[in-house]
Amino acid sequence: MSAAHWRRAMNRGAGQAQPLRDRFVAAASASSSVLQDRSPPGGRGPGAFGGATTVGQPSFGFWQALMRALGMLRLRHLAALLLLLAFPWIGNDFLTYQIGAQALALGLITLSLTFLGGYGGMISLAQMSIAGVAGYTVAILGASGAEISLGWPWWAAVAFGLGFAVLSASFVGWLSVRTEGIYTIMITLAFGVAFYYLALQNYSLFNGFQGFQRVHAPEVFGVSFRKPLPFYFLCLACALAAYLLVKWTIRTPFGIALQGVRDNPRRMAALGFDVTAHRVAAYGLAGLLAGLGGVLLVWYNGLITPGSINTGWLINVLVMAVLGGMSHPLGAFLGALVFVLLQTFAIDLFDRERFNLVIGAVFLLIVLFSPDGLLGLWSGLRKRMTK
Amino acid sequence: MMPAGRITALVLVLAGLLLSAWGLAHNPRLFLITLLNGLTLAALYFIVASGFTLVFGLMRNVNLAHGSLYLLGGYIGYAVAEASGWWMLAIAAGFLGAALAGFLIQILILRHMQGEELRQTMVTIGLSIVIGDLLLWAFTAQVHQMEPPEWLDGPIRDIPLIRAYSAYRLSLLVFGVVIGLFLWWLLARTRVGAMIRAGVDDRAMLSAAGVNVNMVFALTFMLGAGLAGLGGVIGAVELSMVPGEDTRLLLASLIVVIVGGMGSVSGAALGAVILGLAETFGLAYAPTYSVVFTFLILVLVLAFRPRGILGRPA
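Residues numbered from 1 in each chain as written. Chains lettered and ligands numbered in written order. Predicted model: local features only at pLDDT ≥ 70, side-chain atom pairs only at ≥ 80, totals over all residues. Heavy atoms only, no water.

A. How the structure looks around helix α8 (residues 154-176) of chain A. Between its first and last C-alpha, α8 of chain A extends 32 Å over 23 residues, near the 33 Å set by a 1.5 Å rise per residue. Regarding α8 of chain A, the residues found buried are A156, A157, V158, G161, L162, A165, A169, V172, G173, L175 and S176 of chain A. (Helix = DSSP H or I, 4+ residues; strand = E, 2+ residues; numbered from the N terminus. Expected span 1.5 Å × (residues − 1). Buried < 20%, exposed > 50% of the residue type's maximum accessible area, 1.4 Å probe, protein only.)

Printed below as a string of structure tokens:
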């Protein structure tokens with residue numbers, strides 16, 4: 001979204017989505033004076049923010065927003081949802097688990113990068129490390145085959161895993177946003193690789209080269225999430241929640257300010273926004289998404305080793321994000337799906353050993369010819385069709 | 001540097017001196033050998049990272065395929081040394097091979113996306129995947145070790161306190177210093193160097209002054225890639241070549257230029273010394289946490305001097 005797009009979206013939002021706007025005001029009522037300053041330079045109907053009539057009734061705004069969201073549902077959304085729900089019965093267990101669940105878990109991690117890169121303008125290569133922090137925490141605190149695991153109940157381990165993921169992501173963010181643009185990619189890569197070597201060399205905490213084996217999804221209310229079908233739906237639920245969270249966040253005042261920071265940090269700073277705080281918060285939110293994906297991925301693999309967070313995987317996350325396209329959260333899952341399909345069926349098409357060559361070549365082609373990824377290809381195709 | 005920064009630097013240097021005094025008193029031989037190991041490793045890091053920082057300083061292009069060029073140079077040097085038996089020829093071949101690869105990358109791909117830094121960086125990521133896999137295909141995952149030339153083989157004996165030290169490792173130090181001096185001469189005393197320095201400061205003005213900027217870019221990229229390849233041949237004796245070394249050297253280059261300051265050759269030298277010493281001292285005195293030292297240095301520098309110790313605002 002360019003600056004002009006953003007401005008247009010703000011104007012459109014002010015005109016049409018009155019209830020949604022009011023909810024923003026309600027959500028940010030504490031800082032409504034700040035909201036006043038948030039008006040972009042482009043003209044906007046007076047009082048769209050200022051007339052904070054529903055500040056006192058956030059629940060009313062919430063239901064209105066929900067109804068509005070339901071009203072926005074189109075046939076294609078329903079069709080996609082039905083397809084996702086019916087997928088296990090269309091395919092077999094192998095497809096459900098190896099393709100479906102894996103693509104959703106990897107897609108979650110990729111989504112964190114798509115959110116950071118697409119809406120925050122920050123390309124972080126450390127997202128797999130953040131996922132690894134969550135995964136390692138679950139393995140260390142929860143139950144595993146290694147002796148140094150503490151054997152806590154799964155919910156505590158997961159809660160701490162997500163917490164540590166958010167904390168470490170914010171820390172990486174706080175350090176890397178002090179520098180700009182191209183530097184971010186180098187610094188996050190350095191962090192990611194440093195964490196890999198730490199996990200590889202440290203035996204007292206990370207169990208060194210062996211890592212943790214037999215880290216399995218728990219059994220809750222008699223449902224074993226190790227089985228393909230329940231695990232697929234667990235991944236699907238998490239992925240949908242994360243997708244909606246991102247879609248919702250980018251329409252909140254925070255999300256819109258974040259896109260402003262991406263497009264022109266100096267102007268946003270001049271308007272009184274704390275640019276660093278917005279960026280660090282974006283890292284924190286992305287850390288939550290990556291952590292969730294990391295926990296699912298550990299359960300999917302049943303193990304975590306330094307090999308799960310090596311440079312190859314750090315870069316694979318970027319490959320998936322770029323493959324799908326960073327302009328829309330959907331691209332993350334699309335990229336992950338294509339990646340998983342290539343990885344799984346590469347053995348039938350060509351020598352399995354050369355998977356990296358193929359994925360590298362595909363990535364190069366996409367970067368060279370379609371900077372917006374597969375989504376960009378699709379929209380370009382549609383434009384040509386309608387012309 | 002601000003006065004506060006100067007005081008911090010002074011405190012850090014004093015603490016370092018105190019620690020080294022303790023190390024000397026505790027076990028002088030271990031301390032001195034570790035010091036030499038650190039400095040020789042730093043020399044290798046400097047050779048590789050100086051190419052990285054040159055390219056970055058001029059083109060604002062983070063070449064994440066730098067590690068792959070290092071490995072490429074190493075393998076080419078290995079093949080040439082096997083065929084001809086001449087070590088000097090291997091070094092020249094490693095330099096030229098990597099420089100040629102860098103030239104092709106610049107001419108065929110990067111030139112067409114001038115100014116799109118992020119896209120260029122992503123292209124180099126893709127290239128590093130492809131080059132890495134092609135090298136794996138050609139040379140398999142076996143560990144390749146190069147023999148040092150005969151006149152550098154074996155230890156130098158009868159050094160006071162240390163007793164014996166590998167002649168080859170000491171020669172790394174000489175290599176690092178020679179290359180550092182060469183780069184200084186090239187940048188400070190020649191016409192090409194003046195062009196490169198002018199390009200670092202203001203690309204548009206350089207082009208307006210009638211200099212063929214594309215040619216300067218291609219030359220610099222070749223030089224940077226060649227230095228990586230040269231480092232690869234030198235490192236092939238000491239560190240051995242195996243897939244994965246490319247990542248290690250890429251990480252080292254990244255940290256060296258982040259700590260030292262991006263785009264500055266003297267910063268690369270400083271960063272290389274700091275990283276080399278931190279790694280070897282960490283390995284000698286606290287083996288499981290050696291990475292943590294590196295990481296701590298990175299965090300401290302980023303927290304207090306986000307542009308690196310000798311870095312300037314872009």
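Once the structure has been displayed, the description carries forward.
B. Structural context of the environment of A126 of chain A. Residue and element names in this part refer to chain A. If you trace the backbone, A126 turns up in the loop between α6 (93-120) and α7 (127-141). Relative accessible area serves as the criterion here: at 3%, A126 is assigned to the buried category. For A126 and L375, which are 249 residues apart along the polypeptide, the C-alpha to C-alpha distance reads 24 Å. The contact partners of A126, leaving out residues within four places of it in the chain, are T188 and G192. (Contact = heavy atoms within 4.5 Å.)

C. Structural detail: a nonpolar patch on the surface. All names here are of chain A. Side chains of L150, W152, F160, F164 and L167 sit close together on the surface and give an oily, nonpolar patch of about 510 Å² of accessible area. Within the secondary structure, F160 is located in helix α8. Under the relative-accessibility criterion, F160 is labelled partly exposed at 41%. (Patch = residues over 30% accessible without salt bridge, like charges linked within 9 Å, V, L, I, M, F, W, Y side chains within 5 Å. Areas by Shrake-Rupley, 256 points an atom, 1.4 Å probe, with all protein chains shown as cover. Salt bridge = Lys/Arg side-chain N within 4 Å of Asp/Glu carboxyl O.)

D. Broad picture of the packing of helix α14 (residues 311-324) of chain A against helix α16 (residues 355-369) of chain A. Residues and elements named next belong to chain A. The N-to-C vectors of α14 and α16 enclose an angle of 45°; their axes lie 10 Å apart at closest approach. Put simply, α14 runs oblique to α16. Crossing handedness for the pair α14 and α16: left-handed. Of α16, the residues touching α14 (which contributes L318, V319, V322 and L323) are I359, V362, F363, I366 and V367. For the contact of α14 with α16, the class distribution of residues is nine nonpolar, no polar and no charged. (Axes fitted to C-alpha atoms, helices over the stretch in contact; angles between N-to-C directions. Parallel < 35°, antiparallel > 145°, perpendicular 65-115°, else oblique. Left-handed = near helix turned anticlockwise from the far one by under 90°. Nonpolar A, V, L, I, M, F, W, Y, C, P; charged D, E, K, R; others polar.)

E. Geometry of a negative patch on the surface. Side chains of E82, E147, E150 and D153 of chain B sit close together on the surface and give a patch of like negative charge. Along the polypeptide, D153 of chain B turns up in the loop between α5 (117-139) and β1 (155-159). (Lys, Arg positive; Asp, Glu negative; His and termini not counted. Charge placed at Lys NZ, Arg CZ, Asp CG, Glu CD.)

F. Spatial organisation of the confidence of the model for chain B. Per-residue confidence for chain B gives a mean pLDDT of 84; residues scoring 70 or more make up 96%. Among the scores for the predicted complex, ipTM is 0.77 and pTM is 0.77. (pLDDT = per-residue confidence, 0-100.)

G. Quick look at empty space enclosed by the protein. Residue and element names in this part refer to chain A. A complete count under the given rule lists one cavity of 30 Å³ or more for this structure. Within this model, the largest cavity holds a volume of roughly 80 Å³. Taken together, M128, A131, G132, G294, L297, V298, N301, L303, I304, S308 and I309 make up the full set of residues lining the largest cavity. Looking at the lining of the largest cavity, the elements with two or more residues in it are α7 and α13 (275-301). In terms of residue count, the dominant contributor to the lining of the largest cavity is α13 (four residues). Counted by class, the lining of the largest cavity contains seven nonpolar, four polar and no charged residues. (1 Å grid on protein atoms, 1.4 Å probe; cavity = no way out; pocket = protein on both sides within 12 Å on 5 of 7 lines; lining within 4 Å. Points joined across faces, edges and corners; volume = space filled by probe spheres on them.)

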